[in-house]
Amino acid sequence: MVDSRGQIRRILRSAYRSFGLVFGALCIPPIYVYKCAFSGGLFNYQSEDVVFGVFSVIFWTITLTSLIKYAAFVLSANDNGEGGVIALYALICRNAKLCLIPNHQAADEEITTYRYPGHSSSNMPNSWLKRFIERHKSVRTCLLVLVLFAACMVICVGILSPAISVLSSVEGIKFQAKNLHDGVVVLIACILLVGIFILQHRGFHKLGFIFSPILIIWILLIAGVGIYNIIKWNPRIYQALSPYYIYIFFRRTGRDGWISLGGIILCITGTEYMFADLGNFKTRPIRVAFSCVIYPCLILQYMGQAAFLSRNLSAVSMSFYASVPAPLIWPVLVVAPLAAIVASQPVISSTFSIVKQCHAIRCFPRVKVVTNRRIPGQLYIPEINWSLLILSLAITVGLRDINYIGHAYGIAFLAVTIVTTWLTSLVINLVWNQSFILSLLFSLLFGSLELIYLSSSCMKIIKGGWFPLVFSAVFMVVMYVWQYGMRKKYSYDLHNKVSMKWILTLGPSLGIVRVPGIGLIYTELATGIPSTFTHFLTNLPAFYQVVVFVCIKTIPVPYVPQKERFLIGRIGPKSYGMYRCMIRNGYKDVFKSGDDFEIDLVMSIAEFIQMEAEGSETPEGSVDKRMAVVRTSGTFGTRLVMSQSSDPGESSSSGPSALVGSCKSQVLLDLQATYEKEAPKLNYWRRARFGLLDTKYKDPRVREQLLELVNAKHAGATYVIGHSYLKAKHSSSFLKKCAINIAFSFLRKNCRSPAVALNIPHICLIKVGSNYIV
């Protein structure tokens, strides 16, 4: 009984927080939905039945799409608690071989978040749909393009939603000040937009505690206004809950009624964020908040506004503000801009998140991702933030009209929700192992409804609807060109990787001088030795004693547990001192080489050396083809003793590192000390001291390998990254040459470098240039 009460309190507390972080974009549309719906020829049908019909369409649209489709079905199709189109795509990828880059390993399937909970497909026969998708590469490519298209539309929504929310919220000033010029309203909206995006840079989370109270006040306020209008103007409006009025509406209005659907669809814009922002909450609090508060309050507001319009259709251009009773008009005018600011936050955050996820699956150029340590999952991307600000201001100043922005907003939202419907239908069949007929029924029921709305919105392309189409096309070109270039680069590396036989012929010294230190060679190859390494060996006469090939790969899961992130293996005989480190991230993980990466790497290799000597096959750290997930071992972190030296200069004057320090002249040591003072984090890494335990090992070679590793760490680590230049073959088609030589080259030169994205100190970095003829 006590546990159930505690669970109820947690659900209610989480539901309260979700008001300000999820439902804002869904609670602003009552300001402009009726205005956009009656903006065309529908205004000529001034009758009660038509108004009742519009409300009936709104009611059933919210009920079918928001309540039934999203709250009941789509929220259940989450990926370990994460939502959005990338989460749906990742779910499908894990259950069908859709990855276009062949870096999948059997060990990846052992990650705890890899299997979908409650739906095991091990004993289920493969459906014909799964076999069809896996057999045809063109189908897999089309599915990826579809997902990227939806991601581009999410970015467009991130541009349009703040613009229409803020502009509509301040437009009420004109209702009180009749002679106020439109330019003043636009100026106020632009100032608020600038403030919203500057606060993203400064840290919007500092004001997060007031988001939920603001939105609760707003939703209760507009619900109260709705109840007032129902009682005062037309209590018979409840009859419009019957779908019969939809039939009357289309019978009387015909084509004009169909075109008005492009404005009516705005009543559910923002619904997608119930699913996209699911990662910050759980499904149950979202469902409780929506079904118990948001849904009834929205219905009451739309019903009350329809009751007002049934008696005052001439006031449709300002129907929301005109329906507010006089004592409440100023409170509404004050709260509305605040609610619009709150509504913009989840939209912008989702835009940051979708860009990060697209980058994780190699479909977006490298950008700077800033994480919030106080709020897990909260991201900030400076380049995207300022781009959204510029484009939102351009839309607000350029279009100025709520109707035009609404047309663009509706098309962008519909594109996202249609793709979500199709992906969910695939999840029903491929992940939930339900029949293809059930999957098809889901797609037909909701997809056909959304396609009807889309057909209406397409009639508004000239009147603002062109914006999401044009900008999504630009974003699509950027995403697909980047993905295509990265895929070609990986194929080149895979085809030109060095054979192990050639490495063995060089001997333990690799034909060069091995100097103390750790060389971290970054590569995208999950197996084999990259050509970058041989290019380095043939041009320089020396390399480090310990060589670690680091591969950072994205697994189609939202998060990889920290204990399962490192996969360590050995390359060649033990005397070669060569290792492979696979760093496995989820599409929502943010990994950087800073912080304690070097320490974790040394600890992981030390654990692997010991496990390898013991021939470990235990569940705590299973060795599979000489690769092991070492951090799950119960003895992890106990193989070496770590301490922090108090004096940076101590690193070259005591302990094992004295041998290393003697290899460098005093001038080099002084120069190194100067660099370390300029880089505090680097100084921290270098001051980390390791020592061997006074333990007797069964195999004396284990102590030698551990001592070699410790000495190499004390000497310092150097990061080697390939600096590649892609060029298309002379025999390539004109389109491929444009994509590789012009578009991909431009993106590579103007995005963040790998070293900056991984937070690698410049004084520890070596770049190896190479040309790729693809």
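1. Notes on the overall build of the protein
In terms of regular secondary structure, the protein is built from 29 helices and 12 strands. Across the 774 residues in the protein, those meeting the buried criterion constitute 56%. Partitioning the contacts of the protein with sequence separation of at least 6, the portion at a separation of at least 24 is 84%. On the protein, roughly 32,000 Å² of surface is accessible, and the fraction owed to carbon and sulfur atoms is 62%.

2. Here's the deal with the environment of Lys-737
As for its position among the elements, Lys-737 is in helix α28 (residues 734-750). In the structure, Lys-737 is positioned 10 residues away from Lys-727 in sequence and 7.7 Å away in space, judged by C-alpha atoms. Ignoring anything within four residues of it in the chain, the contact list for Lys-737 reads Ala-728, Lys-729, His-730, Ser-732 and Ile-742.

3. Details of the nonpolar core
Among the nonpolar cores identified, the biggest contains 171 residues, and Phe-23, Phe-38, Phe-55 and Trp-218 are the most heavily contacted of them. Per-element tally for this core: the top contributor is helix α7 (residues 137-170), with 19 residues. Beyond its immediate chain neighbours, meaning those up to four positions away, Phe-55 contacts Tyr-34, Ile-237, Ala-240, Leu-241, Ile-299, Tyr-302, Met-303 and Ala-306. Of all hydrophobic cores here, the second largest spans 39 residues; its members include Phe-597, Ile-599, Val-630 and Tyr-719.

4. Observations regarding a nonpolar patch on the surface
A surface patch of nonpolar side chains, amounting to about 210 Å² of accessible area, comprises Leu-64, Ile-68 and Phe-73. Here Leu-64 shows up in helix α4 (residues 48-73).

5. Focus on helix α17 (residues 382-399)
Its 18 residues place the ends of α17 26 Å apart at the C-alpha level, agreeing with the 26 Å of an ideal helix rising 1.5 Å per residue. Here α17 has its buried residues at Pro-382, Ile-384, Asn-385, Leu-388, Leu-389, Leu-391, Ser-392, Ile-395, Thr-396 and Leu-399. One or two steps after α17, the chain reaches Arg-400, where phi turns positive at roughly 65 degrees.

6. Overview of a positive patch on the surface
Residues Arg-5, Arg-9, Arg-10, Arg-13 and Lys-282 make up a contiguous surface patch of positive charge. The exposed category is assigned to Lys-282, whose relative accessible area is 64%.

7. Side note on the confidence of the model for the protein
Low pLDDT means the predicted coordinates in that region are not meant to be read closely. Counting all residues, the mean pLDDT for the protein is 84, and 86% of those residues have values of 70 or more. In this model residues 617-625 is a low-confidence stretch, pLDDT under 50, and it forms 16 contacts with partners more than four residues away in sequence or in other chains. Here residues 646-662 is a poorly scored stretch, pLDDT under 50, and it has 20 contacts once near neighbours within four places are set aside; other chains count.

8. Looking at helix α12 (residues 255-264)
The element α12 is largely enclosed, with a buried count of 7 among its 10 residues. Within α12, the full set of buried residues consists of Gly-257, Ile-259, Ser-260, Leu-261, Gly-262, Gly-263 and Ile-264. If you follow the buried residues of α12, they end up packed against α3 (33-37), α4, α11 (244-253) and α19 (436-457).

9. Considering the pattern of salt bridges
Here the idea is simple: oppositely charged side chains can pair when their charged atoms come close. Under the criterion given, the structure shown has 16 salt bridges. The partner of Arg-311 in a salt bridge is Glu-48, with the nearest N and O atoms 2.9 Å apart. Highlighted residues: Arg-311 in the loop between α14 (283-309) and α15 (319-322) and Glu-48 in helix α4, separated in sequence by 263 residues. Judged by its relative accessible area of 43%, Arg-311 falls in the partly exposed class. Salt-bridge contacts for Glu-524 lead to Arg-362; the nearest nitrogen and oxygen are separated by 3.0 Å. With Glu-524 in the loop between β3 (513-522) and α22 (531-539) and Arg-362 in the loop between α16 (329-360) and β1 (370-371), this pair connects stretches of sequence that are 162 residues apart. In this structure, Glu-524 and Arg-362 share a single accessibility class: buried. Several salt bridges converge on common partners, so that one network encompasses Glu-48, Arg-236 and Arg-311.

10. Regarding the side chain of Ser-724
On the secondary structure map, Ser-724 appears in strand β11 (residues 717-727). By relative accessible area, Ser-724 is classed as buried at 9%. Filtering out sequence-adjacent residues up to four positions away, Ser-724 remains in contact with Lys-489, Arg-748, Ser-770 and Tyr-772.

11. Considerations on the packing of helix α18 (residues 402-430) against helix α20 (residues 461-495)
Packing of α18 against α20 leaves a shortest axis separation of 7 Å and a crossing angle of 45 degrees. By the angle between their directions, the pair α18 and α20 is classed as oblique. Like other packed secondary-structure pairs, α18 and α20 cross with a definite hand, here right-handed. Across the interface between the two elements, Tyr-404, His-407, Ala-408, Ile-411 and Ala-412 of α18 pack against Ile-461, Lys-463, Gly-464, Gly-465, Phe-467, Pro-468 and Leu-469 of α20.

12. Notes on the packing of aromatic side chains
Evaluation of the coordinates by the stated rule reveals 26 aromatic pairs. Connected via pairs of aromatic rings, a cluster forms that spans Phe-19, Phe-23, Phe-290 and Tyr-295. When the ring centre of Tyr-114 is taken as reference, the NZ or CZ atom of Arg-94 above it lies at 5.7 Å.

13. A closer look at the environment of Thr-61
By the element assignment, Thr-61 lies in helix α4. We classify Thr-61 as buried; its relative accessible area is 3%. A C-alpha to C-alpha distance of 8.7 Å links Thr-61 and Ile-264, two positions 203 residues apart in sequence. If we skip the residues at most four places from it in the chain, Thr-61 touches Ser-66, Cys-267, Ile-268 and Tyr-453. Of note is the side chain of Thr-61, whose polar atom sits 2.3 Å from the side chain of Tyr-453.

14. So, the packing of helix α10 (residues 211-233) against α16
Direction vectors running N to C along α10 and α16 enclose 130 degrees, while the axes themselves pass 9 Å from each other. Overall, the two elements α10 and α16 adopt an arrangement that is oblique. Crossing of α10 against α16: the hand is left-handed. Residues Phe-211, Ile-214, Leu-215, Ile-217, Trp-218 and Leu-221 of α10 lie in contact with α16, whose contacting residues are Pro-331, Val-332, Val-335, Ala-336, Leu-338, Ala-339, Val-342 and Gln-345. Its residues assigned to classes, the contact of α10 with α16 comprises 13 nonpolar, 1 polar and no charged.

15. Section: the pairing of β11
As judged from the 4 bridges shared by β3 and β11, these two strands associate in the parallel manner. Looking across to β11, one finds that Leu-520 is bridged to Tyr-719. Note: β11 against strand β12 (residues 765-773), 9 bridges, orientation parallel. If you follow Lys-727 over to β12, its bridge partner there is Ile-773.

16. A few points about unusual backbone geometry
A positive phi angle, close to 55 degrees, is found at Asn-80, a residue other than glycine. Tracing the chain through its elements places Asn-80 in the loop between α4 and α5 (85-95). One non-glycine residue, Arg-400, lies in the positive phi region at around 65 degrees. Take Arg-400: it is sitting in the loop between α17 and α18. With a relative accessible area of 43%, Arg-400 lands in the partly exposed category.

17. Overview of the environment of Pro-556
You can see Pro-556 is positioned in the loop between β4 (542-554) and β5 (566-570). Each C-alpha atom, one on Pro-556 and one on His-104, is 10.0 Å from the other, the two residues being 452 residues apart in sequence. Dropping the residues within four chain positions of it, Pro-556 is found in contact with Asp-79, Ala-90, Cys-93, Arg-94, Tyr-114 and Tyr-587.

Rules and cut-offs
- Residues numbered from 1 in each chain as written.
- Predicted model: local features only at pLDDT ≥ 70, side-chain atom pairs only at ≥ 80, totals over all residues.
- Heavy atoms only, no water.
- Helix = DSSP H or I, 4+ residues; strand = E, 2+ residues; numbered from the N terminus.
- Buried < 20%, exposed > 50% of the residue type's maximum accessible area, 1.4 Å probe, protein only.
- Contact = heavy atoms within 4.5 Å.
- Areas by Shrake-Rupley, 256 points an atom, 1.4 Å probe, with all protein chains shown as cover.
- Core = buried A, V, L, I, M, F, W, Y, C linked by side-chain atoms within 4.5 Å.
- Patch = residues over 30% accessible without salt bridge, like charges linked within 9 Å, V, L, I, M, F, W, Y side chains within 5 Å.
- Salt bridge = Lys/Arg side-chain N within 4 Å of Asp/Glu carboxyl O.
- Expected span 1.5 Å × (residues − 1).
- Lys, Arg positive; Asp, Glu negative; His and termini not counted.
- Charge placed at Lys NZ, Arg CZ, Asp CG, Glu CD.
- pLDDT = per-residue confidence, 0-100.
- Axes fitted to C-alpha atoms, helices over the stretch in contact; angles between N-to-C directions.
- Parallel < 35°, antiparallel > 145°, perpendicular 65-115°, else oblique.
- Left-handed = near helix turned anticlockwise from the far one by under 90°.
- Phe/Tyr/Trp six-rings, centres within 6.5 Å; stacked < 30°, edge-to-face > 60°.
- Lys NZ or Arg CZ within 6 Å of the ring centre and 35° of its normal.
- Polar contact = N/O pair within 3.5 Å; in protein donor to acceptor, adjacent residues only side chain to side chain.
- Nonpolar A, V, L, I, M, F, W, Y, C, P; charged D, E, K, R; others polar.
- Pairing = 2+ DSSP bridges.

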